[in-house]
Amino acid sequence: MENWTSTPFEPFAGLAGGLLIGSSVVLLLLTLGRIAGISGIAAGAMTERGVERYWRLAFLIGVVLSAVFYIGFTGGMQVQTQMSSAWLVVAGLLVGFGTRLGSGCTSGHGVAGLSRLSPRSIVATLTFMGAAVLTTTIIRHL
């Protein structure tokens, strides 16, 4: 069995990240009446035209710049993976497939949808969280 390391508990970083994500969801809903689902925003940035495309590109640029600012303020970001690049590519493709199959992503369903008590989002979130627990259990223990 491989040597698995735990992730350090950083409550203030988690709180700050949650506040930023929640704020972006609320601001997008209040200002444009749109749901902050990254997969839908990214897809629309490639297919929409005019104002619809511009706000989506601005949102995505903000997501990227937030990581740049984080690195600038904290001095770096340490990323550790326990899987090979091939597994990460497979995982990314499966996430993309699941996003299209479920008509939304974790940010759209799990953050924006749950906060609005959307029944569809509740089912989607329970489904992908259950799949994540099952997958992690299989990979780590079987």
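Owing to the predicted nature of the structure, the values given are computational and were not obtained by experimental measurement.

Asker: I tried to follow the nonpolar core on my own but got confused; where do I start?
Answerer: Within soluble globular proteins, side chains that are nonpolar generally end up buried alongside one another. Of all hydrophobic cores here, the largest spans 7 residues; its members are Val25, Leu28, Ala36, Ile41, Trp55, Phe59 and Ala112. Mapped by element, the contributors of at least two residues to this core are helix H1 (11-32) and helix H3 (51-74). Leave out the neighbours within four places in its chain, and Phe59 touches Ser24, Leu28, Ala36, Ile38 and Ile41.

Asker: I would appreciate a short explanation of the layout of surface pockets in the present structure.
Answerer: Any empty space left between atoms is shown by rolling a water-sized probe over those atoms. A volume near 1000 Å³ is recorded for the largest pocket. Along its surface, the largest pocket is lined by 28 residues, and Ala91, Leu94, Val95, Ala132 and Thr135 are the ones closest to its centre. Counting only elements with at least two residues in the lining of the largest pocket, the list comes to helix H4 (85-101), helix H5 (106-115) and helix H6 (119-141). At 10 residues, H4 tops the list of elements feeding residues into the lining of the largest pocket. Classifying every residue of the lining of the largest pocket by side-chain character gives 16 nonpolar, 10 polar and 2 charged. For the second largest pocket, the lining is made up of 19 residues, of which Gly17, Leu20, Ile21, Val63 and Ser66 are closest to its centre.

Asker: How do you make sense of H4 when you look at a structure like this?
Answerer: Helical geometry note: an α-helix holds 3.6 residues per turn, so side chains three or four residues apart project in the same direction. Helix length check: H4 (17 residues) gives 24 Å between terminal C-alpha atoms against 24 Å at 1.5 Å per residue, within 8%. Here H4 lies mainly on the outside; 1 of its 17 residues are buried.

Asker: Any chance you could explain the packing of helix H2 (residues 38-47) against H3 here in plain terms?
Answerer: Axis angle and axis distance: for two packed helices, these are the angle between their axes and the distance between the axes, and together they describe the pair. One can describe the packing of H2 onto H3 by two numbers: an axis separation of 8 Å at closest approach and a directional angle of 125°. In terms of axis orientation, H2 runs oblique to H3. The two elements H2 and H3 cross, and the hand of that crossing is left-handed. Each of Ile38, Gly40, Ile41, Ala42, Gly44, Ala45 and Met46 in H2 lies in contact with H3, whose residues at this interface are Arg53, Trp55, Arg56, Leu57, Phe59, Leu60 and Val63. Across the contact of H2 with H3, the residue classes tally to 10 nonpolar, 2 polar and 2 charged.

Asker: Just to check I follow, could you spell out the pattern of salt bridges for this structure?
Answerer: Within this structure, the stated rule accounts for 2 salt bridges. For Arg34, the salt bridge goes to Glu52, with nearest N and O atoms at 2.4 Å. With Arg34 in the loop between H1 and H2 and Glu52 in helix H3, the pair connects residues that are 18 residues apart, well separated along the chain. Owing to a relative accessible area of 32%, Arg34 belongs among the partly exposed residues under this scheme.

Rules behind the numbers
Residues numbered from 1 in each chain as written. Predicted model: local features only at pLDDT ≥ 70, side-chain atom pairs only at ≥ 80, totals over all residues. Heavy atoms only, no water. Core = buried A, V, L, I, M, F, W, Y, C linked by side-chain atoms within 4.5 Å. Buried < 20%, exposed > 50% of the residue type's maximum accessible area, 1.4 Å probe, protein only. Helix = DSSP H or I, 4+ residues; strand = E, 2+ residues; numbered from the N terminus. Contact = heavy atoms within 4.5 Å. 1 Å grid on protein atoms, 1.4 Å probe; cavity = no way out; pocket = protein on both sides within 12 Å on 5 of 7 lines; lining within 4 Å. Points joined across faces, edges and corners; volume = space filled by probe spheres on them. Nonpolar A, V, L, I, M, F, W, Y, C, P; charged D, E, K, R; others polar. Expected span 1.5 Å × (residues − 1). Axes fitted to C-alpha atoms, helices over the stretch in contact; angles between N-to-C directions. Parallel < 35°, antiparallel > 145°, perpendicular 65-115°, else oblique. Left-handed = near helix turned anticlockwise from the far one by under 90°. Salt bridge = Lys/Arg side-chain N within 4 Å of Asp/Glu carboxyl O.

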